[in-house]
Amino acid sequence: MSKKLDTYLRTYRLKAGLSQKDIAFLLSLGSGSAISRIEKCSRIPSLPILLAYCIIFNVQPKDLVPGLLYDIANAVLARARVLEKQLQKQSATPLVLQRIKFLRSLTAIKDDAARPKEV
Amino acid sequence: MNNAKEEVQKLVLAIDPAPRGFGYALFEGPQNPLDWGITEVRILKNITSLKKIKELVTFYQPDVLVLEDCAGDKSRRCKRVQKLIAKTEEFSISQKIQVVKYSRNRIQEVFSMFHAKTKYQISRKICEWLPEFSPRIPPKRKVWMSEDPRMSIFDAASLVLTYYYLEE
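Conventions we followed
Residues numbered from 1 in each chain as written. Chains lettered and ligands numbered in written order. Predicted model: local features only at pLDDT ≥ 70, side-chain atom pairs only at ≥ 80, totals over all residues. Heavy atoms only, no water. pLDDT = per-residue confidence, 0-100. Contact = heavy atoms within 4.5 Å. Salt bridge = Lys/Arg side-chain N within 4 Å of Asp/Glu carboxyl O. Buried < 20%, exposed > 50% of the residue type's maximum accessible area, 1.4 Å probe, protein only. Helix = DSSP H or I, 4+ residues; strand = E, 2+ residues; numbered from the N terminus.

(A) Region of interest: the confidence of the model for chain B. All names here are of chain B. For chain B, the average pLDDT comes to 91, and 93% of its residues sit at 70 or higher. Here residues 1–6 is a poorly scored stretch, pLDDT under 50, and it has 3 contacts once near neighbours within four places are set aside; other chains count. Interface predicted TM-score (ipTM) for the complex: 0.85; the corresponding pTM is 0.86.

(B) Up close: the pattern of salt bridges. Residues and elements named next belong to chain B. For the structure shown, the criterion picks out 16 salt bridges over all chains. Taking the shortest distance from any N to any O, the salt bridge between Arg42 and Glu40 comes out at 2.8 Å. For the pair Arg42 and Glu40, one class covers both residues: exposed. In this structure, Glu147 engages Lys119 in a salt bridge whose closest nitrogen and oxygen atoms are separated by 3.1 Å. Residue Glu147 is located in the loop between α5 (119–129) and α6 (151–167), and its partner Lys119 is located in helix α5; the two are separated by 28 residues in the primary sequence. Since its relative accessible area comes to 34%, Glu147 is described here as partly exposed. Several salt bridges converge on common partners, so that one network encompasses Arg104, Lys119, Arg141, Glu147 and Asp155.

Quick look at the structure:
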C-alpha cells in the first residue's frame with residue numbers, strides 16, 4: 001500500500017468487506033460511529049485499538065496510519081536533535097558520549113514512516 | 001514492491017451523481033482502489049450533495065477529479081445533475097485540483113475494448129479486475145426496474161479506470 005493518505009484504516013476495512021459495526025465489535029467499541037470517527041481522522045486510535053487493527057488485517061502500523069507515524073517520527077526526531085545539542089554542552093563522559101552517539105544514529109535514520117515525496 | 005512506481009501513481013477520485021446522492025471511487029493506480037461507496041442524500045439534493053462532495057474532496061485532496069461530461073444536447077443527465085457536476089468542477093478548480101471529464105460514450109469506447117458495453121457488463125468487468133467490488137454489484141436490471149443505487153459506485157469506478165487507460 002502506498003503512503004499518500006494519512007490513514008488506510010477504511011481502505012483495509014472495505015477490501016475485507018467488513019462493516020464499521022463489524023470492526024467496532026472486533027475492537028470492543030460501542031458502535032460503528034466510533035469507527036467512523038477513527039476513519040475520518042477526527043479521533044486518533046489508541047495504541048490497543050491500533051494494535052488490534054494490525055492483528056485484524058495482519059499489517060504493520062505504518063501500513064495503516066502512515067500520516068500519524070510520519071508526524072510522530074518528525075516530532076521525536078526534532079526533540080532528539082534538541083537533546084543532542086543539550087548533551088553536547090555537558091562534559092564528555094563516556095555515558096554522555098554514548099547517549100549522543102545513540103541520538104545521532106536515531107536522527108540519521110531515514111525514517112520508514114516518512115511519506116514519499118509527492119510527484 | 002517498487003517504491004518509485006508507487007510514488008508516481010496519482011490519487012484519482014471520481015464522483016457520479018445519482019438520483020438520491022452520489023457514488024464515488026478513489027484510486028491510487030488502476031489496481032489499487034482506496035475508497036468507494038454511495039452517499040445518500042434525500043433532501044435539498046444539490047446543496048447537501050455538494051457539501052458532502054466538498055468534504056470528500058477536502059479530506060482526500062486528490063490529484064485528479066474525474067467527472068462525467070454532460071456537455072452536448074445528447075446528454076441524458078437532468079439539469080439538476082448537470083448543475084451539480086458544474087459546481088463540483090468549479091469547487092475542485094478552486095482547490096487547484098485537476099478536473100478531467102469523460103462522456104458516457106467515451107467510457108463505453110474504452111470498455112468495449114474489453115468486451116463490456118452496457119453498464120452491467122462494465123460493472124462485471126470491474127469486479128473481474130477488482131474482486132473487492134463484487135459484494136456491491138447490483139443484479140442485472142430488468143426493463144421495469146429503476147437503476148439500482150449501487151450502480152453509481154461502478155459508474156464512478158469506470159470514470160477512474162477510463163482516466164487511467166487514457167491518460168496514464
